Amino acid sequence: MQHNRDSDSDYSLEPNIAAIELDKRRADALDQIDKAPFSRFHVKVLLVAGTGFFTDAYDVFAINIASIMLGNVYGNTAGGSFGRINGPTTLSSNQEFGIKVAAPIGNLFGQLVFGWLADVYGRKRMYGLELMIIITATFVQALAGSGPALNIIATLIIWRYIMGVGVGGDYPLSAVITSEFASTRIRGRLMTGVFASQGWGNFVASLVAMIVIPAFKDSILSTTSDKHALDQCWRILIGCGCIPGVIALYFRLTIPETPRFTMDIDRDVRKADHDIRHALGAGGASMAPTVWIDPEAVVQRAHAPRRSRSDFVAYFGDWRKLKLLIGAAYSWFAVDVAFYGIGLNSSKILTPDLLVQAGIGTNVTSPIGAAGTTTTASITYLSLRNAAEGSLVVSVAGLLTGYYASMLFIDRWGRKPIQFMGFCALTVLLAVLAGIYPGQSPDSTQQSKAKAFVALYCLANFFVNFGPNVTSFIIPGEIFPTRYRSTAHGICAASGKLGAIVSQVIFFKVSDSGSTLKVILGIFAAISATGILSTLLIDETKDKSLEELSREKQQGFIHGVTLVEMRHGLVHRQGSL
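Residues numbered from 1 in each chain as written. Predicted model: local features only at pLDDT ≥ 70, side-chain atom pairs only at ≥ 80, totals over all residues. Heavy atoms only, no water.

A. A look at the pattern of salt bridges. What the rule picks out here adds up to 26 salt bridges. The closest approach of N and O atoms between Arg307 and Asp119, which form a salt bridge, is 3.7 Å. Taken together, the positions of Arg307 in the loop between β5 (298–303) and α14 (309–316) and Asp119 in helix α4 (residues 93–121) put the pair 188 residues apart, joining distant regions of the chain. With a relative accessible area of 27%, Arg307 lands in the partly exposed category. With a closest N to O distance of 2.4 Å, Arg252 and Asp170 form a salt bridge. Taken together, the positions of Arg252 in helix α11 (residues 242–253) and Asp170 in helix α7 (residues 152–181) put the pair 82 residues apart, joining distant regions of the chain. (Salt bridge = Lys/Arg side-chain N within 4 Å of Asp/Glu carboxyl O. Helix = DSSP H or I, 4+ residues; strand = E, 2+ residues; numbered from the N terminus. Buried < 20%, exposed > 50% of the residue type's maximum accessible area, 1.4 Å probe, protein only.)

B. Structural context of the side chain of Ser395. You can see Ser395 is positioned in helix α18 (residues 376–409). At a separation of 3.4 Å, a polar atom in the side chain of Ser395 contacts the side chain of Asn202. (Polar contact = N/O pair within 3.5 Å; in protein donor to acceptor, adjacent residues only side chain to side chain.)

C. Structural context of the environment of Pro88. Topologically, Pro88 is positioned in the loop between β3 (85–86) and α4. On the accessibility criterion, Pro88 (14% relative accessible area) is buried. Remark: the alpha-carbon pair of Pro88 and Asn76, spanning 12 residues in sequence, is separated by 9.7 Å.

D. The arrangement of the packing of aromatic side chains in detail. Counted under the stated rule, the structure contains 27 aromatic pairs. Both rings, one in Tyr437 and one in Phe453, keep their centres 4.9 Å apart while their planes meet at 55 degrees; by these two values the pair is tilted. Here the residue Tyr437 occupies a position in the loop between α19 (415–436) and α20 (447–465), and Phe453 occupies one in helix α20, the gap between them amounting to 16 residues. This pair shows no difference in class: Tyr437 is buried, exactly as Phe453 is. Following the ring pairs from residue to residue traces out a cluster consisting of Phe53, Tyr171, Phe195, Trp332, Tyr403 and Phe473. (Phe/Tyr/Trp six-rings, centres within 6.5 Å; stacked < 30°, edge-to-face > 60°.)

E. Examining the confidence of the model for the chain more closely. Residues of the chain with pLDDT of at least 70 account for 85%, and the chain-wide mean is 83. Taken element by element, the predicted model of the chain shows its lowest mean pLDDT in strand β4 (residues 291–292) (40) and its highest in helix α21 (residues 468–474) (96). Per-residue pLDDT stays below 50 along residues 1–13; that stretch engages in 29 contacts with residues further than four places along the chain or on separate chains. Note on residues 569–574: pLDDT is under 50 here. Beyond four places in sequence and across chains, it has 14 contacts. (pLDDT = per-residue confidence, 0-100. Contact = heavy atoms within 4.5 Å.)

F. α7, seen in detail. The terminal C-alpha atoms of α7, which comprises 30 residues, lie 43 Å apart, in line with the 44 Å expected from a rise of 1.5 Å per residue. Most of α7 is tucked away, with 24 of its 30 residues classed as buried. For α7, the N-terminal cap is Asn151; the gap from its side-chain oxygen to the backbone nitrogen of Ile153 is 2.7 Å. (Expected span 1.5 Å × (residues − 1).)

G. Summary view of the side chain of Asn202. As for its position among the elements, Asn202 is in helix α8 (residues 187–215). Aside from chain neighbours lying at most four places away, what touches Asn202 is Ala57, Phe61, Ser391, Ser395 and Leu399.

Okay, here's the thing in structure tokens:
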């Protein structure tokens, strides 16, 4: 058992000597973190933070297929014509726009607010709160109903916004907690591993849809119960998003505060030193001696740079630091225009007819069911199954492979080369996709073009993730000082979600004007090209400590000490040495 009260002589040091001693201890503690071997504690951080991103991605991308089901059940807009059979109803353009843009708007708000709160009150105090919001909002969506005063689509939009706030809060918190616990050598791979859970969330959302839709096949094909069955399908699909969040919640609430926050913001170097040995002890499994924090102890509070409005202005008033914020924020904006533009609308781009001509799925006019005829219900069923199958193919062939390619090379090549390469490839591929797009209803004479389009569409998703989607998440979690790291990451992430909102405005409003998807894909390509330029503003972060990347002098970082007398865990009296 170890007590944290030191000898009286330790507190009788001269002011400069005490500050120098704590400054050295801080440097030694940071060195311990930066050189720590990969351990079970790092695995815990990876799984706890990753589960949150899994839940985030599942909830966000499940709506891609759920919106088709919602249109069949609650939509009033007539579907397309398939021969002599009229297709199922769909949501109106404004309804679908509201459903898909609500979460990104909530993301933007959550990223800014939680990013700031995590720098003020601590990462640990905020971590788990955002997951509670996600779980609650997701569960309520699955149970949503309508009444005379409130339409169910409006209800879903409200709760998707609230869910989005929680999802947004997860970005700066998970990124900063992971980066502050990671050693320099593995930081890129650890952060990529966390973010790669987004790909698994997308994959599992598609997989659940592939299971749920055939499970209700007979009911969907029934002319008397098809709407009831589809109403159950979308609720199950959305509601399953709660499960991983509930599993991860306990571990999020019990994860320790990051030592960097304890040292640089709480300014308690001794406690941070104990926490490092406790968390990253032998095997990384909290095997260091148990630490007892005496509530009556005298604590040394270090004098170090503190967050304030004037300090924020002074720090980012330096162009060398401001350009990093601008470069990171705009790069995230540019990639999210493409990522969410094609990701949230893949069912509109990869239509059932296009997928069939590419060799994926079944022709929606094929006779099916006991009667062996083509009906509106059979078109509904096959359209949904094709959409889920197409989403599954894109997840495996494009998204997941891209994430793990990034993980393989992120600490070898570096962040900047991967981001630059990704933006270049994405610009070219989106431009080519705009040129060869065969339309939403290609015929058999366009099979080769449809196959080429689907292949290049998967390749574009690959380079989104083996490129700026991953690096734009990692870099803001590395290049700013501890006191502004979460706030700045939240600003960059919010810029990304502004890009997601812009992508939906472009997609729905441009398409409503009568322009084809060729024009929309061309716009996405042009915006991706601007990301090449913003990449030039950022610095390489590979093999550098967080303190080195902050561009602040580290020797003499602590320039004074205050003695704080605690009673019952609260400050009773304090005075400077």
